[in-house]
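Overview (structure and organization)
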Amino acid sequence: MWYYAEGKERPTIVNETSSKKWIYIRRNIEEFEREDETDPTIKEKFYKWEEMKIPKENYPIYELEAQNAANLDYLAMMNDIDLDSGEDEDEGE
Amino acid sequence: MTDNFARLLALTGGNGGSGGTTDYETLDNKPSIGGTTLIGDLTLAELGIIVDDQLNLQSTNPVQNAVLTALLNAFPYSNVTGKPQINGVTLTGNITLDELGLNAIWVGTQAEYAAVESTLAEGTLVIITDDQDVDNVPTQNSTNLVTSGGIYAFVVGGYQTKIDSQNKLDADLVDDTNAAHKFATSGQLSQIATNATNIANKVDKVNGKGLSTEDFTTAEKTKLSGVETEANKTVVDSALSESSTNPVQNKVVTENLNDKYPKAWDVELTQAEYDALPASKYVDGKNYYITDGDSDKPIIYGFHVDPDESDPSDAVTYLMDAVGMEPASMGATSFNYGSWKNAFFMPKPCMLKYDGTVDYYLDPNDFTKKVDGTASDVGNINYAGNAMMEFPKIWFKFEAGTADGEGYFYVSNQKVDDTYRCWCNMDADGNEIDHFYVHIYNGVIYDGKMRSLSGVKLSPWSTTAYSSSATYAVNSIVNYDGKMWKCVTAVETAEEFDSTKWEQFAFNGNTDGTQEVNSATANNTTAKSEWYIDTWCDRVLITALLYLIGKSLNLQGTFGRGIDSGSQTAAEAYVTGAANDKGLFYGSTSNGSTVVKVFGIENFWAYKWHRTAGLFGNANGGYNYKMTASTADGSQANGYNINGVNYLTTIISRPSSGYISKIGFGEHGLLPVSTINGSSSKYYCDYFYTGTGFALVGGSANHGAVCGFYVYLGLGVALRGWDVAAALSCKPLANKEV
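Residues numbered from 1 in each chain as written. Chains lettered and ligands numbered in written order. Predicted model: local features only at pLDDT ≥ 70, side-chain atom pairs only at ≥ 80, totals over all residues. Heavy atoms only, no water.

**Some words on the overall build of chain A**
A tally of helices and strands in chain A yields one helix and four strands. Starting at the N terminus and walking to the C terminus, you meet the elements of chain A as β-β-β-β-α. The buried share of chain A, reckoned over its 93 residues, is 29%. Considering only contacts within chain A whose residues lie at least 6 apart along the sequence, 50% involve residues at least 24 apart. (Helix = DSSP H or I, 4+ residues; strand = E, 2+ residues; numbered from the N terminus. Buried < 20%, exposed > 50% of the residue type's maximum accessible area, 1.4 Å probe, protein only. Contact = heavy atoms within 4.5 Å.)

What follows is the structure, given as structure tokens:
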């Protein structure tokens, strides 16, 4: 399950080392600013992202799923297919 | 002419007729008997009529009169033995019905009897002549059956007797258990006789006394009477005792031995030697046998923080008596205490009077009520005291591990050794006290005093001071004499402040640290501080207890986000007491608009910063801290101050601002030492803002995920705003000055 997370450092897409049990997956990483508590004119840089943690033993499954999804995207791109609608994007032209 | 006369004429021929004969011999149709024509002088033999002259069992002929007469004369009735009787009267001579005990005699068939049955009087002898089956005769009102050859006789009003064709008792009468009067078999009669003998030999039961087969004798009674009360009585204790000389239950001994001594120990040493070992002794898996250990075993809950584990739950390992405990957490709708509901450190809500004594306790599930169910004073602004959480005496120890950021926390109901402290349970004189008190509600200032009260809408302090040269419309807000006022009667002309035209109300926020401390200490009844604002020792102890019971470093993820969003609008809309009926713990882990309540304290984080005494960011990049108001902690400051002067100084340095990834454990409690790689979902999940000055802790409705154990060291005591306000604490003096 994806959940909200934020920090002052830009996170890596995958973090396999900080936990003995979990691997962290991130997506939609965005930079944003937050006012300094003392001086509102000072803007501090933060990052926010969506995060999911996967037990290390399940990570190969996740990788396989992710690779399959990437392969599908590649095939769709090569064949001009809209994966959402299933239609050939050239048919309407 | 009659028929007989006509017949005579016919026989004599005198009928006057002219055609008949007068000579018998000439008659054509002479009479005959048995085929013999009646003519001449015939003998009986000639007529075929035989009269026997003796008795014969085969003959159907008549018997000669003389023969019968001779026989009867030879056997008179008077000589018959066993003459029949009725009701004991022998049937002889002319006996009256009265002599027979009868009122009347009725004779007839069954059908005739049925017609007259109801009319027959008692004492009537009924003789039914056509009965062939005894069972078919009428049975009501019948008695003394006499039956023979199909005749059934009884006396109306007597008892029925049935006799079958063999003159034996009907078996039904023996077996009929419903009959009012029954016959008994010989076996039954024998049993009746046996029972009668037993009954005759019985010992009568006396009320209040028992019977037995032990043949209890007087001698035995005398002997028993001589035995002393409780002679030879053995009392087996169910718990260990230092004074009892009784034996102890096996299981109690076993349990205590198992507790005290491992079945096989790896190290045998003294208590002092054990105490000197590093904290790794708690997690090294060895069994230590302390040869001079104290049998009065305290409860010690502990946890270890692994600094190399980013998952906030997996980083925490339970130690000592916490091993095996089920962690607590806030569920979707209610709080799950896990194994911690009755932990010794759980506080109780109460109304604490200004003099530091408990007036009464509150219903932990509804603070608007006393424990007896009557209304409480949590919303009474005129009450001479405040709504507080009462904590018991708690001994604790924060201990650093060997790795950077590795830490141990132990909490006990006893002073386990000299490394355990009870800083929260020390008064301003340095004396230990049994209880310390933390606010239930965010502090509000009313009439110059900081209060902890329910039902107060938290409007911030107005910076507009009353001016005697101005005019004011109704609902104008000003501050005057350190209090907040709302105009209720317009001030049309410039005049000195007139309190009758203004209404005082409580406020919260936009005050600086000095103003907050002064309003908090205004509750004191002596010259020494009992009432004060939040203190660092209370904050770190309660935070560590939350890490303990939640087995997680993620406070918001375990207990609820609190009002961490909505900014000033949300904060000023809040009315204290929103979680009065939510128990000691409440919150939402999914939204930032729900009050969070831990250990009975509303908004322990989020909503508004808690200005907290005892921690100060010093100019050297480190921390100054003070764990108790007195100098018992080794500090030189007598009482808290607003600049951290004469506080203790840590050897650890403040990290840069960011999400906390490592905390240093020690005498100071918990202080951030690293923010590298921290985030809202890893390690401590809370933020640290580095700077110099008075500590603010918890975050506000402006801070979202950074709230929790968010330590802010910024502008210090001068910082003011809608999102900053202190709240009350109280450590009553052990020895009151009179």
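**Here we look at the sheet that holds strand E26 (residues 502-505) of chain B**
All names here are of chain B. The strand order across the open sheet formed by three strands is E24-E25-E26, and the pairing between neighbours is antiparallel. At either margin of the open sheet sits one strand with a lone partner, and together these are strand E24 (477-480) and E26. Geometrically, the sheet is characterised by an average inter-axis angle of 40° between neighbouring strands, direction not taken into account. Note that E24 and strand E25 (residues 483-487) share four bridges and pair antiparallel. Among the inter-strand pairings, Val478 is bridged to a residue of E25, identified as Trp485. (Pairing = 2+ DSSP bridges. Axes fitted to C-alpha atoms, helices over the stretch in contact; angles between N-to-C directions.)

**As for the sheet that holds strand E15 (residues 348-353) of chain B**
All names here are of chain B. Strand order in the open sheet formed by seven strands is E17-E16-E15-E18-E21-E40-E27, with antiparallel pairing between adjacent strands. Of all the strands in the sheet, the pair left with one neighbour each is strand E17 (366-370) and strand E27 (531-533). The mean inter-strand angle of the sheet, taken between neighbouring strand axes irrespective of direction, is 40°. Strand direction decides the pairing type here: E27 and strand E40 (residues 728-730), joined by three bridges, are antiparallel. When the sheet's bridge partners are listed, Trp531 is paired in E40 with Cys730.

**Description of the interface of chain B and chain A**
Contact residues are listed per partner, giving 29 residues for chain B and 24 residues for chain A. Together chain B and chain A conceal approximately 1800 Å² of surface at their shared face, both sides included; 38% is due to carbon and sulfur atoms. On the chain B side of the interface with chain A, the three residues burying the most area are Ser681, Lys682 and Tyr689 of chain B, jointly 21% of the side's total. Taken together, the connections running from chain B to chain A amount to two salt bridges. Its salt-bridge partner being Asp311 of chain B, residue Lys53 of chain A comes within 2.3 Å of it at the nearest N-O pair. Linking chain B to chain A there are 13 residue pairs in polar contact (both at pLDDT 80 or more). Listed by contribution, the elements that provide at least two residues to the side of chain B that touches chain A are strand E33 (658-659) and strand E36 (687-689) of chain B. Partitioning the side of chain B that touches chain A into residue classes produces 11 nonpolar, 11 polar and seven charged. (Buried area = accessible area lost by both parts, 1.4 Å probe. Salt bridge = Lys/Arg side-chain N within 4 Å of Asp/Glu carboxyl O. Polar contact = N/O pair within 3.5 Å; in protein donor to acceptor, adjacent residues only side chain to side chain. Nonpolar A, V, L, I, M, F, W, Y, C, P; charged D, E, K, R; others polar.)

These results come straight from atomic positions and should not be treated as a statement about function.
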